[in-house]
Amino acid sequence: MAESAQATQKRQWGMVIDLDKCIGCQACVVACQSENNIPVNEEAHFNQRRAIQWIHIQRYWEGEWPHVKARFIPVLCQHCDNAPCEPVCPVYATYHNTEGLNVQVYNRCVGTRFCANNCPYVVRFFNFWEPAYPNSLKNQLNPDVTVRSRGIMEKCTFCVQRISRVRRQAKNDGTPIADGDRALNPACVNACPTDTLVFGDLEDPNSRVSKLRDKELVEGGRGYHLYEHLGTSPNVIYLKKVDKHAVEEPAHA
Amino acid sequence: MLQGDFQPKKPTRKQLIKLSIFGLIGLVPLTALVFFFMFLFSAWLGKPMAVFGYDEGPTQPIAFPHTRHVQELGLDCTFCHRNVTKGAAATIPPVGLCMTCHKVVGEGLPEVEKLQAIYDSGKPIDWVRVHRVPDHVHFNHQAHILFFSQRDAIAPSQVCATCHGDVGGMVKVKQARYLKMADCVNCHRDNGAPTDCVTCHY
């Protein structure tokens, strides 16, 4: 039966981020904020380091003036297979599901913040305030996503509401979930103008992400994980930026 | 009675009055406490206790008789709740759908006249919501209705009663099942549905 085959099909959602293409436009950040009902961050929130951004662009400057180059790294929850945030939760509010997602269960969370403190990527965010939206944005809240109240932790879900909607649709139609389906892709992937972010099933050998992983990471190319030495085995793969003008750093004496 | 036995003092008249006043004042918080716990438990169980008519459903702006439409006329649930096989919400029909029949049917009935007035004003009916799961629970009608109707080979409108009870026989619609998480999880387990948290909570 097609349904049972789909139910038992192993999945591992993952993402490939090609830093060679990222232009740091922040479209992914805006898309994520509006898809996932993230409250509007004000300047004071950033000053307190309490802003909520499930995906954020880290910016680095490289070189000396006048040869300065900006470098961008979009950072989101890495959905680690060996996640440091999971064992520290006293109430099992964060756990790994069968599809390789690191899931945050809002109604279980009691707000100890242990997970955020144990996360090396700093991609878990605590709701220090009740979520506030300007009046103009109140009617654009996504009904498929819970509005997180004060005192609980939240993080990137790989837009699990979209995944479950597509899965339901595929089950009703009896068709397999297509790789690169825009309804399946997280909001950040859909918003990216340069195709930097690629989302898909790492278990499926024909998907774009697993092909990129095989080419760039397994066979040895530009692929790497963030903080690889920590042994978290993330499901987000970064591809190094290629710069033909890059000057080899002089060896330190 | 022996000499030297303890003998409690007899209360004076003044003390008696004082005590009765204190007693009466004390009764007030006691009753309040009893009421508080009663409503607390009924809210927790999702099923109000059958006192003072609190087990009835809410009073709706129009006393819509499901009994007449379902039992006497034999309408399907899906005739009005049309989105139940297509989307997350079963949806309550727009006033226009009521008016397809009630332009000609039920002239002069007081509730139908209310409906006419609302239709003429161009506003929707402010129905009181009976079934509500918390914001962090995502229930999808389509998935449940299609699963049961395909597995048991029955019409979609015959599945509704599993959770909603016999709405066709209710004068005032009320919640028939607890619809707490244990209720959901038990049913998911019995029918082989996923019990992963992220199935409903996201």
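Sequence order sets the numbering: in each chain, residues are counted from 1 along the sequence as written. Naming scheme: in the order in which they are written, chains are lettered from A and ligands are numbered from 1. Residue-level local features of this predicted model are given only where pLDDT is at least 70; pairs of side-chain atoms are given and counted only at 80 or more, and the full residue set underlies all totals for whole chains, interfaces and linings. In computing side-chain properties, one takes all heavy atoms of the structure into account and sets aside hydrogens as well as water.

**Observations regarding the packing of aromatic side chains**
The criterion, for reference: Only Phe, Tyr and Trp rings are paired, with Trp represented by its six-membered ring, and only when their centres lie within 6.5 Å; those with planes under 30 degrees apart are stacked, over 60 edge-to-face, the remainder tilted. Using a 1.4 Å probe on the protein chains alone, a residue whose accessible area is under 20% of its type maximum counts as buried, one over 50% counts as exposed, and one in between counts as partly exposed. The rule is short: NZ of Lys or CZ of Arg within 6 Å of the ring centre and within 35 degrees of the ring normal puts a charge over the ring.
Within the structure shown, the criterion is met by 10 aromatic pairs over all chains. With a centroid separation of 5.5 Å and 75° between ring planes, the pair formed by Phe36 of chain B and Phe37 of chain B is classed as edge-to-face. For Phe36 of chain B, a relative accessible area of 48% gives the class partly exposed. Take Phe37 of chain B: its relative accessible area is 39%, and that puts it in the partly exposed class. An aromatic cluster is built from Trp13, Phe158 and Phe199 of chain A, whose rings are joined through pairwise contacts. In this structure, Arg50 of chain A is placed above the aromatic ring of Phe128 of chain A, and the distance from its NZ or CZ to the ring centre is 3.8 Å. Note that Arg82 of chain B overlies the ring of Phe79 of chain B, its terminal NZ or CZ placed 5.1 Å from the centroid.

**A few points about the packing of helix 5 (residues 160-173) of chain A against helix 6 (residues 141-151) of chain B**
Which entries qualify depends on this criterion: Angles run from 0 to 180 degrees between N-to-C directions of axes, and those axes are lines fitted to C-alpha atoms, restricted for helices to the stretch in contact. The way it works is that DSSP assigns letters per residue, a run of H or I at least four long becomes a helix, a run of E at least two long becomes a strand, and they are numbered from the N terminus. When an angle is under 35 degrees it counts as roughly parallel; over 145 it counts as roughly antiparallel; between 65 and 115 it counts as roughly perpendicular; any other value is oblique. Each crossing gets its handedness from the near helix: less than a right angle anticlockwise from the far helix is left-handed, clockwise is right-handed. The contact definition used throughout considers only heavy atoms, calling two residues in contact when any of these lie within 4.5 Å.
Here helix 5 of chain A crosses helix 6 of chain B at 25°, and the two axes come no closer than 11 Å. It follows that helix 5 of chain A is roughly parallel to helix 6 of chain B by the angle criterion. Seen from above, helix 5 of chain A lies across helix 6 of chain B with left-handed handedness. Side by side, helix 5 of chain A and helix 6 of chain B meet where Arg168, Lys171 and Asn172 of chain A of the first sit next to Gln142, Ala143, Leu146 and Phe147 of chain B of the second.

**Some points on helix 5 (residues 110-121) of chain B**
All names here are of chain B. Quick reminder of the rule: Helix span is expected to be 1.5 Å times the residue number reduced by one. To be clear, the arc concerns the directions from the helix axis to the C-beta atoms.
Under the 1.5 Å per step criterion, the end-to-end length of helix 5 is 17 Å for 12 residues, consistent within 8% with the ideal 16 Å. For helix 5, the set of buried residues is Val112, Leu115, Gln116 and Ile118. Each buried residue of helix 5 lies within a common arc of 165° when the element is viewed along its axis, so the set occupies one face. Every exposed residue of helix 5 that faces more than 90 degrees away from the buried side is listed here: Pro110 and Asp120. On its buried side, helix 5 packs onto helix 4 (95-102). Note on helix 5: the residue one or two positions beyond its end, Gly122, has a positive phi of about 75°.

**Some remarks on the pairing of strand 3 (residues 69-75) of chain A**
Residue and element names in this part refer to chain A. The condition is simple: One bridge is not enough; two strands pair if DSSP finds at least two bridges between them.
Sheet topology places strand 2 (residues 56-62) next to strand 3; 7 bridges connect them, and they run antiparallel. Residue Trp61 lies in a different strand from strand 3, and its bridge partner there is Ala70. From the end of strand 2 to the start of strand 3, which pair antiparallel, there are 6 residues, and Gly63 there has a positive phi angle of about 90°.

**What about helix 5 of chain A?**
All names here are of chain A. Here helix 5 is 14 residues long and its end C-alpha atoms lie 20 Å apart, about the 20 Å a rise of 1.5 Å per residue gives. Within the sequence span of helix 5, burial applies to Val160, Gln161, Arg162, Ile163, Ser164, Val166 and Ala170. Once helix 5 ends, the next one or two residues include Gly174, with phi positive near 75°.

**Here's the deal with the interface of chain A and chain B**
Stated formally: Buried area: the sum, over both parts, of the accessible surface (1.4 Å probe) that disappears when the two are put together. Just to be clear on terms, a salt bridge is a Lys or Arg side-chain nitrogen sitting within 4 Å of an Asp or Glu carboxyl oxygen. Whenever two N or O atoms come within 3.5 Å, that pair is a polar contact, provided that in protein one can donate a hydrogen and the other can accept it, and provided that, for residues adjacent in sequence, both atoms are side-chain atoms.
Contacts between the two partners involve 20 residues from chain A, matched on the other side by 14 residues from chain B. Of all residues in chain A, Asn107, Thr146 and Arg168 of chain A give up the largest surface area on contact with chain B, accounting jointly for 32% of the area buried on that side. Our count for the chain A to chain B interface comes out at 0 salt bridges. Linking chain A to chain B there are 11 residue pairs in polar contact (both at pLDDT 80 or more).

**Considerations on the nonpolar core**
Quick note on the threshold: We call a set of buried Ala, Val, Leu, Ile, Met, Phe, Trp, Tyr and Cys residues a nonpolar core when their side-chain atoms join them within 4.5 Å.
By size, the foremost hydrophobic cluster in this structure holds 55 residues, and its most contacted members are Met15, Leu76, Phe158 and Tyr238 of chain A. For this core, the element with the most residues is helix 5 of chain A, which contributes 4 residues. Beyond its immediate sequence surroundings of up to four residues, Leu76 of chain A is in contact with Met15, Ile17, Trp54, Ile55, Val123, Cys156, Phe158, Val236 and Tyr238 of chain A. If you look at the next biggest cluster of nonpolar residues, it comprises 7 residues, including Ile62, Cys98, Leu115 and Ile118 of chain B.

**Observations concerning the confidence of the model for chain B**
This is how the line gets drawn: The pLDDT value expresses, per residue, how confident the predictor is, ranging between 0 and 100.
Overall, the predicted model of chain B reaches an average pLDDT of 88, with 95% of residues at or above 70. This prediction of the complex comes with two scores: 0.81 for pTM and 0.80 for ipTM.

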